[in-house]
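# Geometric and topological summary
If you want the building blocks of each chain, they are given just below.
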Amino acid sequence: MTILIRGGTVVNADREFKADVLCDNGKIIAVGDNLDVPAGAEIIDAGGLYVMPGGIDPHTHMQLPFMGTVTQDDFFTGTAAGLAGGTTSIIDFVIPNPQQSLMEAFNIWRGWAEKSAGDYSFHVAVTWWDETVHSDMGKLVNEHGVNSFKHFMAYKNAIMADDEILVKSFSRALELGAIPTVHAENGELVYVLQQELMKKGMTGPQSHPLSRPPMVEGEAAQRAIAIANVLNTPLYIVHVSCQESLDAITRARAHGQRVFGEVLAGHLVIDDSVYKNKDFAEAAGHVMSPPFRSSHHQEALWQGLQGGNLHTTATDHCTFCAAQKAAGKDDFTKIPNGCGGVEERMMILWDAGVNTGRLTPSEFVKVTSANCAQIFNIYPRKGVIAEGADADIVLWDAAGTKTLSAKTQFSKGDFNVFEGRTVKGIPTHTISGGKLVFKQGELMAEMGAGRYIKRPSFSSMFQALNKMRT
Ligand code: URQ
Ligand code: ZN
Ligand code: ZN
């Protein structure tokens, strides 16, 4: 399929410029002025629109079995919803049960993801340790294109990685040229606070944020940073939600440590007043970890993005419906943790970021696509409008408006944390793998059209780091 995008303003991480973009056979084959129209090409008039790299969401959980249930969006509906919001690639998570082979889990998730409508890749979680984990990590990097390993420092008695696992896994990741990532919350503290709140009879969703105060995240972020520092590995901290963990990242980076931070669209614009809602479904619908924070943390997170101490934006798309959330009706610790956002992320970042002057269009591209591609080593295949890149492109109408709602979302599920928010700045067309998959509100996502994206190891950088350690 040949598509010529004509008359738009291309926005990359480094600059904006007027140019046509020609796509053929899934790739961008030309970017320039007044490109000739190949016979049979579909022409898209991009006059007055921005032409940007398709978004990459580095943090989703499609079809995740979690807390006794499975998320609402599977890999088809979840990636299709992403395409409707301009996100053309996701990095999801393989999360083995403790004692389950990493390779076995990886193959199961690969099977689930074959129905994806957009491209996908996987971080693999290390939730336990023995020699087979050590060896499977090697297979995953050297044979399957995994270059990032996740560690949940929360979720005690489930998938929590203690310090021994962190130290062994980070060291192994360094040997392999893979980057460790962490969900930074102190799972022991969360567990104690949960028990205390339940003992006091404070069983409602209002207790969720009380069981995970910012310092619970700040301590874990600092601990992971210290372990990475001593072992000389880079580190990527997912869903940074508060000043405390951002400060730990900022301090580490100021001393030259290679630490990257991710922030969720939700944490940038939603505060903890949502938990005060007397309606259980409304409050429980916002139960995710780390929780939404008091409003001063939002400004800190925006400053983190603007100041280069937070690098990527994600969603942690992990959707449960009201009936699933009701599992925690009488015990907030049993409310499945997770919220959506894969469809809304880029509109939230544009509306609250670009329209307020916090981000330029190029900085928007950095934090929604290019930085993620560079950190996870798939740039310039992804994250840029340039010859040779994958034809993953979003056309953006800065004047267009939309009111976000569960009633109109493509994502499955019956809840939307951005419910009722009217945004200015919306996608008009999404091109994924060189095909037009979204056009002015109409989604033409195709089951199985998405590809598994291998991410090469960082051997060169890590060899240098490794040398410094030995
Ligand atoms: O912790 C995560 O990232 C997964 C289990 C999604 N749930 C959540 O509350 N963030
Ligand atoms: Zn997490
Ligand atoms: Zn997550």
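Keep in mind that what you see is a predicted model, and the values were worked out from it rather than measured. (Residues numbered from 1 in each chain as written. Chains lettered and ligands numbered in written order. Predicted model: local features only at pLDDT ≥ 70, side-chain atom pairs only at ≥ 80, totals over all residues. Heavy atoms only, no water.)

## Points about the environment of Ala391
Take Ala391: it is sitting in the loop between α14 (361-375) and β16 (393-403). If sequence neighbours within four positions are ignored, Ala391 has contacts with Cys23, Gly26, Lys27, Ile28, Ile431, Ser432, Gly433 and Gly434. (Helix = DSSP H or I, 4+ residues; strand = E, 2+ residues; numbered from the N terminus. Contact = heavy atoms within 4.5 Å.)

## Brief notes about the packing of helix α7 (residues 214-231) against helix α8 (residues 243-254)
Where α7 meets α8, the axes come as close as 7 Å, and the angle between the chain directions of the two elements is 25°. Taken together, the axes of α7 and α8 are roughly parallel relative to one another. Of the two elements, α7 crosses α8, and the hand of that crossing is right-handed. Mapping the contact onto sequence places Pro214, Met215, Glu217, Gly218, Ala221, Gln222 and Ile225 in α7 and Glu244, Ser245, Ala248, Ile249, Arg251 and Ala252 in α8. The residue inventory of the contact of α7 with α8, partitioned by class, reads 7 nonpolar, 3 polar and 3 charged. (Axes fitted to C-alpha atoms, helices over the stretch in contact; angles between N-to-C directions. Parallel < 35°, antiparallel > 145°, perpendicular 65-115°, else oblique. Left-handed = near helix turned anticlockwise from the far one by under 90°. Nonpolar A, V, L, I, M, F, W, Y, C, P; charged D, E, K, R; others polar.)

## Notes on the coordination of the zinc ion (ligand 2)
His183 (ND1) and His239 (NE2) make up the full set of protein donors to the zinc ion (ligand 2), lying at 2.1 Å. Around the zinc ion (ligand 2) sit 4 donor atoms; with metal-centred angles ranging over 56 to 144°, the donor geometry is irregular. Between the zinc ion (ligand 2) and the zinc ion (ligand 3), a spacing of 3.5 Å is present. Of this pair, His183 sits in strand β12 (residues 179-183) while His239 sits in the loop between β13 (235-237) and α8, and the two are 56 residues apart along the sequence. Owing to a relative accessible area of 2%, His239 belongs among the buried residues under this scheme. (Donors = N, O, S within 2.8 Å, 3.2 Å for Na, K, Ca; no water. Tetrahedral: all angles 85-135°; square planar, octahedral: opposite > 155°, others 65-115°. Buried < 20%, exposed > 50% of the residue type's maximum accessible area, 1.4 Å probe, protein only.)

## Examining the packing of helix α13 (residues 345-354) against α14
Interhelical geometry of α13 versus α14 gives an angle of 145° and a closest axis separation of 11 Å. You can see that α13 and α14 cross each other, and the crossing is right-handed. Seen from α13, the contacting residues are Arg345, Met346, Leu349, Trp350 and Val354; seen from α14, they are Pro361, Phe364, Val367 and Thr368. In the contact of α13 with α14, the residues fall into 7 nonpolar, 1 polar and 1 charged.

## Regarding α14
Over its 15 residues, α14 runs 20 Å from end to end, which matches the ideal 21 Å to within 8%, given 1.5 Å per residue. Most pronounced at Val367, the bend in α14 amounts to some 50°. Of all 15 residues making up α14, 12 are buried, and the element is well covered by its neighbours. Buried within α14 we find Pro361, Ser362, Phe364, Val365, Val367, Thr368, Ser369, Ala370, Asn371, Cys372, Ala373 and Ile375. (Expected span 1.5 Å × (residues − 1). Bend = angle between axes of the 7 residues up to and from the residue.)

## Examining the nonpolar core
Core analysis: the biggest nonpolar cluster contains 105 residues, and Phe106, Phe122, Phe149, Leu235, Ile237, Leu349 and Phe364 have the highest contact counts within it. Counting residues in hydrophobic clusters, the runner-up holds 20 residues, among them Cys23, Ala391, Leu395 and Leu436. (Core = buried A, V, L, I, M, F, W, Y, C linked by side-chain atoms within 4.5 Å.)

## Some thoughts on the pairing of β12
Among the 5 residues of β12, 5 are classified as buried, and the element is accordingly described as predominantly covered. Residues Ile179, Thr181 and His183 of β12 are buried on one face, and the alternating residues Pro180 and Val182, pointing to the opposite face, are buried as well. Direction of pairing for strand β11 (residues 148-152) relative to β12: parallel, over a ladder of 5 bridges. Bridge pairing in β12 places Ser148 opposite Ile179. One crossover worth recording links β11 to the parallel β12 by way of helix α4 (residues 163-176), and it is right-handed. Both β12 and β13 contribute to a ladder of 2 bridges, which runs parallel. Within β13, the residue paired with Thr181 across the bridge is Tyr236. (Pairing = 2+ DSSP bridges. Right-handed = clockwise from strand over helix to strand, strands pointing away.)

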